[in-house]
Amino acid sequence: ETGTATTIDLRSIPLAPGEEDEIIATLGVGEIRAQLSALGPSEITETRFPGVWLVTHYNNNEEIIGRFIEVCDMPRLLLAQAEDIRDGLASLEQELEKNE
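Numbers given for residues are sequential positions, taken from 1 along each chain in its written order. Whole-chain, interface and lining totals are the exception, using all residues; otherwise, since this is a predicted model, local features are given only for residues with pLDDT of at least 70 and side-chain atom pairs are given and counted only at 80 or more. Values reported for side chains reflect all heavy atoms of the structure, with hydrogen atoms and water molecules removed beforehand.

Caption draft 1: Structural detail: the side chain of Thr56. Mapped onto the elements of the fold, Thr56 is located in strand β4 (residues 52-58). Side-chain atoms alone can form a polar contact between residues adjacent in sequence; in general such a contact is a pair of N or O atoms within 3.5 Å, and within protein one must be able to donate a hydrogen while the other accepts it. In this structure the side chain of Thr56 is engaged in a polar contact, spanning 3.1 Å, whose partner is the side chain of Arg67. Contacts are assigned to residue pairs that have any heavy atoms within 4.5 Å of one another. Ignoring any residue separated from it by four or fewer positions in sequence, one finds Thr56 in contact with Pro41, Ser42, Glu43, Ile64, Gly66 and Arg67. Segments assigned H or I by DSSP are reported as helices when at least four residues long, segments assigned E as strands when at least two residues long, and all are numbered from the N terminus.

Caption draft 2: Looking closely at the pattern of salt bridges. Salt-bridge detection follows one rule: a side-chain nitrogen of Lys or Arg within 4 Å of a carboxyl oxygen of Asp or Glu. If you walk through the whole model with that rule in mind, you get four salt bridges. Glu20 serves as the salt-bridge partner of Arg11, at 3.1 Å between the closest nitrogen and oxygen. Close ionic contact of Glu95 with Lys98 constitutes a salt bridge, the shortest N to O distance being 3.6 Å. Pair noted here: Glu95 and Lys98 are both in helix α2 (residues 82-98), with a separation of three residues, about one helical turn. Look at the salt bridges and you will find they share partners, linking Arg11, Glu20 and Arg67 into a network.

Caption draft 3: Representation of a nonpolar patch on the surface within the structure. The residues that make up patches have over 30% relative accessible area and no salt bridge, and they are joined within 9 Å when like-charged or within 5 Å when they are Val, Leu, Ile, Met, Phe, Trp or Tyr. All accessible-area figures derive from a Shrake-Rupley calculation using a 1.4 Å probe, and residue coverage is judged against the displayed protein chains alone. There is a patch of nonpolar side chains on the surface, built from Leu89, Leu92 and Leu96 and spanning about 280 Å² of accessible area. Structurally, Leu89 is set in helix α2.

This is how it looks when you write it as structure tokens:
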């Protein structure tokens, strides 16, 4: 109701064996899935509930090192940083100038 994003760290909650899997199964899978390669692989999956995202981080051995439920419009991990956008624009402008 307030528009405030919320993050739930599934690995910080004392869950019985199988409960995390049950939570994930209940959330289901929605229409969007993104994979990142920044400081190790990560998966961001929209659940079947719009605005509820499952974010999973892996180490290089493909072991889960973090799993979060994010309730928000878009997980912050997917948002471009203002500095990166400026750098990207500068690179694009240079590329276009070369092709003129």
